[in-house]
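# Working through the structure, step by step
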Amino acid sequence: MSGRGRSGPYKKISTLFARPVYGPYEGTAVLETLNSGQLTKGPNVSQFEWDFAEFVGGGEAVAVSSCMAALHLAWLGLGIGAGDRVIVPALTHPATALAVEMAGATPVFADVGPDGNIRGEDIAPLIDEDTRAVCVVHYLGKPCDMAGVRAVTRPDKLKIVEDCALAPGAFYDGQHVGLLGDVGCFSFYPAKHIATGEGGMLLTKHLELAKDARRRRTFGYDDWLQDFVCLGTNYRMTEMQAALGIKQLKRLPMFLKRRAENYGMLRDILAHKGFEVIDSASGSHYALTVLVPDGFNRDKTIKRMRIAGIEPSIYYRPIVPLTAYYSTRNGYEAGNWPNAERIANQSMCLPVGPHLDTGDMRNIGHAFTEACRT
Ligand SMILES: *Cc1c(COP(=O)(O)O)cnc(C)c1O
């Protein structure tokens, strides 16, 4: 998918979709950690957890090896497993559904609204007596309508896990995402808002769930009882990753500001030209989603963008129920998730990350306009 350094008809991709932004502090912090000799289970992880909880303004943060690990631990901690059904949006990263299966439960795929976010009305018809939970995904960092979701899940009936992989810095109703349901899960994969190589964070306001996650990320070991007390994993974050995370988190407010500026500029350029943008005025501005006009071949448009040195991306293709794994196993066919499929088939995401500036936005806007000419 990535065209980094590719030759042939493509000139070198000069405007990457995503690239981590590091300075000298990150390098120094990692070297200091290496020199300290303590590479795991040390002070950096605790510090990163504290800093993260402070950044989001509450809850307990548990650093883990990826967002998918956090999602898996969330389901284990909530006691969801064999025989249980969990509703997830069709338009998401496969990890959202795979984590449900790793816990032994069954993902049930819901369509989303025209903005890419799952809605109460998408969830309600899928609820049956085995349904135990919903995983909402804040699509590209735009918060879901949680009031609408809660109206059908009802706090006493269904658990809510939030996949916040693309949503650090996104608020809903004055609260940071990840604190709106039972558990929130974040990603620090390099293409996300902040990068630790691999890495993730489980966030929860329930102290018991945080304790549970701390045990399960370390083989089920309980520090107080000094014994292995439950089914565990090794999902720990290393001290080197946490060293990066601490420094990256300090940059996050500036990253978010740059993203919002880039996003606003590119949206205005494209809207002015009459293109249909899936807007997310609030949120963490992961990327700008634009619909390729009817009658245009999206893949051809993307090819033209790449020839112009710009790397768009698609979130997400194929939609998860139509991946080879789920479609062959469950016999799923296209047509059941119309909104998700429209976004997956007709849209592309343009980069607005902090590695780019407003000059890049003008280039991207120009290249997209040119790529949509007959
Ligand atoms: C990237 C992503 C994930 C997976 O994150 P990892 O840290 O790579 O496990 C999960 N959900 C969504 C919505 C994502 O974008």
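Small disclaimer: the values here were computed from a predicted structure and weren't measured.

Attention now goes to the site of the ligand. Surveying the vicinity of the ligand reveals 15 residues, the closest of which are Cys-67, Asp-163, Ser-187, Lys-192 and Tyr-316. One of the side-chain nitrogen or oxygen atoms of Ser-187 is found 2.7 Å away from an oxygen atom of the ligand. A distance of 2.8 Å is found between an oxygen atom of the ligand and a side-chain nitrogen or oxygen belonging to Lys-192. About the coverage of the ligand: the protein hides 93% of its 380 Å² of free accessible area. Of all the secondary structure elements, the ones that give two or more residues to the shell around the ligand are α3 (67-77) and α4 (94-102). Of the residues belonging to the shell around the ligand, the class tally is seven nonpolar, six polar and two charged.

A few words on the sheet that holds strand β14 (residues 347-351). Within a sheet, neighbouring strands are paired by backbone hydrogen bonds and run either parallel or antiparallel to one another. Within the open sheet, the three strands sit side by side as β12-β13-β14. Their pairing is antiparallel. Two strands close off the open sheet at either side, each with one partner strand: β12 (277-278) and β14. One ladder, built from five bridges, connects strand β13 (residues 287-291) with β14; its direction is antiparallel. Pairing of Leu-291 across the sheet is with Ser-347, part of β14. Contacts between helix α8 (residues 239-272) and the sheet are confined to β12, β13 and β14, with β13 contributing the most and set at about 15 degrees to the helix. Contacts between helix α11 (residues 338-346) and the sheet are confined to β12, β13 and β14, with β14 contributing the most and set at about 60 degrees to the helix.

With that settled, the discussion passes to the pattern of salt bridges. In total, this model carries 19 salt bridges according to the counting rule given. With a shortest N-O distance of 3.1 Å, Asp-128 and Arg-85 are connected by a salt bridge. Here the residue Asp-128 occupies a position in the loop between α5 (120-123) and β4 (131-137), and Arg-85 occupies one in strand β2 (residues 85-89), the gap between them amounting to 43 residues. Using a relative accessible area of 23% as the deciding quantity, one classes Arg-85 as partly exposed. Its salt-bridge partner being Asp-222, residue Arg-215 comes within 3.0 Å of it at the nearest N-O pair. Using a relative accessible area of 18% as the deciding quantity, one classes Arg-215 as buried. A relative accessible area of 9% places Asp-222 in the buried class. Three or more residues joined by partner-sharing salt bridges are found here, namely Glu-49, Glu-60, Arg-214 and Arg-217.

The next point concerns α11. Among the residues of α11, those classed as buried are Ala-340, Glu-341, Ile-343 and Ala-344. Looking straight down α11, one finds that the buried residues subtend no more than 165 degrees of arc, so they occupy a single side.

The next thing to look at is the pairing of β13. Across the five residues of β13, five count as buried, placing the element largely inside the fold. In β13, alternate side chains face the same way, and those of Ala-287, Thr-289 and Leu-291 on one face and Leu-288 and Val-290 on the other are all buried.

Take the packing of aromatic side chains next. The tally for this structure, following the rule as stated, stands at 15 aromatic pairs. A centroid spacing of 5.0 Å and a plane angle of 75 degrees characterise the contact between Tyr-315 and Tyr-316, whose relative ring orientation is edge-to-face. Judged on exposure class, the residue Tyr-315 and its partner Tyr-316 are both buried.

Before going further, it helps to examine unusual backbone geometry. Cis geometry marks the peptide bond from Tyr-315 to Tyr-316; its omega dihedral reads -5 degrees. Along the chain, Tyr-316 falls in the loop between α9 (298-307) and α10 (324-330). Note that the residue after Arg-317, namely Pro-318, is joined by a cis bond; omega there is -10 degrees. Looking at the secondary structure, you find Pro-318 in the loop between α9 and α10. Within the chain, Asp-173 stands out as a residue other than glycine whose phi angle is a positive 55 degrees. Within the secondary structure, Asp-173 is located in the loop between β6 (171-172) and β7 (175-176). Residue class for Asp-173 comes out exposed when judged on its relative accessible area of 74%. Located in the positive-phi region is Phe-219, a residue other than glycine, with phi close to 60 degrees. Relative to the assigned elements, Phe-219 resides in the loop between α7 (207-216) and β10 (221-222).

The rules behind these values
- Residues numbered from 1 in each chain as written.
- Predicted model: local features only at pLDDT ≥ 70, side-chain atom pairs only at ≥ 80, totals over all residues.
- Heavy atoms only, no water.
- Near = heavy atom within 4 Å.
- Polar contact = N/O pair within 3.5 Å; in protein donor to acceptor, adjacent residues only side chain to side chain.
- Areas by Shrake-Rupley, 256 points an atom, 1.4 Å probe, with all protein chains shown as cover.
- Helix = DSSP H or I, 4+ residues; strand = E, 2+ residues; numbered from the N terminus.
- Nonpolar A, V, L, I, M, F, W, Y, C, P; charged D, E, K, R; others polar.
- Pairing = 2+ DSSP bridges.
- Contact = heavy atoms within 4.5 Å.
- Axes fitted to C-alpha atoms, helices over the stretch in contact; angles between N-to-C directions.
- Salt bridge = Lys/Arg side-chain N within 4 Å of Asp/Glu carboxyl O.
- Buried < 20%, exposed > 50% of the residue type's maximum accessible area, 1.4 Å probe, protein only.
- Arc of directions from axis to C-beta.
- Phe/Tyr/Trp six-rings, centres within 6.5 Å; stacked < 30°, edge-to-face > 60°.

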